[in-house]
Amino acid sequence: MNEVLSTAQMGEADRLAIAAGTPGSELMDKAGRAVADVVARRHKAGERVLALCGPGNNGGDGFVAARVLAGRGFRVRVALLGAREALRGDAAGAAALWSGAVEPASAADPAECDVIVDALFGAGLARDLDGEALALVERVNASGVPVVAVDVPSGVDGNTGAVRRAAIRAAETVTFFRPKPGHLLLPGRLRCGPVRIADIGIPDAVLATIRPACWANGTRLWRPAFRAPAPEGHKYGRGHALVLSGGAEGAGAARLAARGALRIGAGLVTIATPSDALALHAGRPDAVMLRRSDGPAGLAALLADRRRNAWVVGPAAGVGERTRELVAAALASGAHGVLDADALTSFEGASAELARALAARPGGAGQAIVLTPHEGEFGRLFKDSPPVASAGSKLERARAAAASLGAVVVLKGPDTVIAAPDGRAAINANGTPFLATAGSGDVLSGIVAGLLAQSVPAFEAACAGVWFHAEAGCAVGPGLIADDLPDALPKVLKAYFAEAGT
Ligand SMILES: NC(=O)C1=CN([C@@H]2O[C@H](COP(=O)(O)OP(=O)(O)OC[C@H]3O[C@@H](n4cnc5c(N)ncnc54)[C@H](OP(=O)(O)O)[C@@H]3O)[C@@H](O)[C@H]2O)[C@@H](O)CC1
Ligand SMILES: [K+]
């Protein structure tokens, strides 16, 4: 189910498959054949293939692909980085079955072929490229010749998506069994082209031992938690989301969030507004209710009505002590909630204080709280926590943040990561660059709150919210403004409920 495996977990999958009776040489053979199949789908027999093989098992896959393609009538040359005698194990076995010449990689001219098989480095990439490997990757990228990458484009770190000084730009990537974080996280994802996941004979049963806790975000991950409303249901059964408005200058943000919450299906939505912004909400959608709410006491009074079961605090709330008090009041209500924007920046360098407030929430883990920082907000919030701020990849940072706060963290961007305190994480990849626009995040926080109001659990609500937001963005496409996103949701929801069979 869309599991994403770290390179260590993938190594474990290999080992378990081998222990269960499939020799490593057979896994490598299937891997190489899968690569050859992709090349053969893109190119015709007779075309020139250059297989660039590295010193490890990734290179072994390259030798297999070369042999299979030569057998299918391609004109194949093989270039090896390193000495042939230094190859070990299955890679040495695959090289022994290659009967053609092996050129030194330093002499290979990537421009002299129609397609390149990049089998230099895969899961075993251990450091930044330098020397001959660096020069070769740069020559390949400069050649403009299409590349089919084996496992990952060489130079991309499979665990983090980082480019280790330089990396192949692939036209297509063939990976095995399950995707790795580097296929989904930026910049790695942008180097992969379309990613094909080949079955190389590793049984799915190994996942029961590996117990992966990361997924590519998609409907299968949270479909059971978000169903169409029951025919006999009424609006109170679909929850009541409250969106706290900022003052006069930021009232629009609350309206965007409120529309997001309504469109995703919250039964009722109220904007709670300070007196000075009351008049500015005259143009709100008619379906959104309006209540006056001055300061933390006003917010607490509104949330004392337990039917208001989810809230959003932060969009255009203002940065400072007052907003920290509003966050405390919202948390103390026991209702589910979303902390976004100024609610996060108000805790600049004070993540420990926010963690304490979250730990004291009366509903405990059953009170679903989702934080939705973008990279800037994340960096500001965790200034006081270098272990979180510099935990490594975006996936690791989001996980560290969720664990330290005891709440679900949505670390936004083109490769949004959603992480739960228990270690579950999802990486989102269905977005569009057009979503990077003013107010887009406000709509997202409203959508997530709307899902929380409908009793979707925190991690699932965050994953689903991010996915629906991105789908809505894709449905609108070029010219998108945040106001369009809620209105794009009905079509997206219709397709989702049809697919989900509800
Ligand atoms: N049965 C299996 O296991 C299966 C595995 N499969 C395939 O195996 C791949 C993983 O193989 P792998 O573990 O051998 O690692 P791999 O990516 O070839 O690289 C290691 C070599 O690169 C070297 N090296 C590293 N970084 C470097 C750098 N910056 N610059 C220069 N050199 C560098 C490193 O050298 P060292 O660090 O030892 O000095 C070592 O020699 C996986 O991606 C998949 O394609 C499939 O066939 C399915 C079955
Ligand atoms: K590779």
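Residues numbered from 1 in each chain as written. Chains lettered and ligands numbered in written order. Predicted model: local features only at pLDDT ≥ 70, side-chain atom pairs only at ≥ 80, totals over all residues.

The name given to the protein chain in an unreviewed UniProt entry is Bifunctional NAD(P)H-hydrate repair enzyme, with Alsobacter ponti as the source organism. Under the heading Subunit (unreviewed entry), UniProt records this for the protein chain: "Homotetramer." (UniProt positions renumbered as here; feature names shortened; annotations may be inferred.)

Draft legend 1. Up close: the nonpolar core. Counting residues in each nonpolar core, the largest one holds 171 residues, and the members touching the most others are Leu-52, Val-243, Ala-261, Val-370 and Val-408. Counting residues per element, this core draws most heavily on helix H19 (residues 458-476), which supplies 11 residues. (Core = buried A, V, L, I, M, F, W, Y, C linked by C-beta atoms within 7 Å. Buried ≥ 20, exposed ≤ 12 C-beta atoms within 10 Å, placed from the backbone. Helix = DSSP H or I, 4+ residues; strand = E, 2+ residues; numbered from the N terminus.)

Draft legend 2. Expanded view of the packing of helix H10 (residues 251-263) against helix H20 (residues 484-500). Between H10 and H20, the shortest axis-to-axis distance is 8 Å and the interhelical angle comes to 5 degrees. Put simply, H10 runs roughly parallel to H20. Listed contacts from H20 to Arg-259, Gly-260 and Arg-263 of H10 are Leu-485, Pro-486, Leu-489 and Pro-490. For the contact of H10 with H20, the residue count by class is 4 nonpolar, 1 polar and 2 charged. (Axes fitted to C-alpha atoms, helices over the stretch in contact; angles between N-to-C directions. Parallel < 35°, antiparallel > 145°, perpendicular 65-115°, else oblique. Contact = placed C-beta atoms within 7 Å. Nonpolar A, V, L, I, M, F, W, Y, C, P; charged D, E, K, R; others polar.)

Draft legend 3. Quick look at the site of ligand 1. The local shell around ligand 1 holds 27 residues, among which Gly-56, Asn-57, Asn-58, Gly-122 and Gly-124 are the closest. Within the residue set of the shell around ligand 1, elements represented by two or more residues are helix H2 (24-42) and helix H3 (57-71). Counting residues per element, the shell around ligand 1 draws most heavily on H3, which supplies 5 residues. The class makeup of the residues in the shell around ligand 1 is 13 nonpolar, 9 polar and 5 charged. (Near = placed C-beta within 6 Å.)

Draft legend 4. A look at the domain arrangement of the protein chain. Assigned domains within the protein chain: domain 1 (7-212) and domain 2 (234-500). Computed from C-alpha atoms alone, the centre-to-centre distance between domain 1 and domain 2 is 41 Å. Looking at the side of domain 1 that touches domain 2, its residues break down into 4 nonpolar, 3 polar and 1 charged. (Domains from an automatic or database assignment.)

Draft legend 5. The sheet that holds strand S6 (residues 172-176), seen in detail. Reading across the sheet, the 7 strands line up as S3-S2-S1-S4-S5-S6-S7 and stay open at both edges, with parallel pairing between neighbours. With one partner strand each, in any of the chains shown, strand S3 (102-104) and strand S7 (195-198) form the two edges of the open sheet. Averaged over all adjacent pairs, the angle separating strand axes in this sheet is 25 degrees, with direction ignored. In this structure, strand S4 (residues 115-119) lies alongside strand S5 (residues 147-150), joined through 3 bridges in parallel fashion. Across the sheet, residue Ile-116 finds its bridge partner in S5, namely Val-147. Sitting on the sheet, H2 is in contact with strand S1 (48-53), S4, S5, S6 and S7, with an inclination near 155 degrees to S6. Contacting S1, strand S2 (75-80), S4 and S5, H3 runs over the sheet at an angle of about 160 degrees to S1. (Pairing = 2+ DSSP bridges.)

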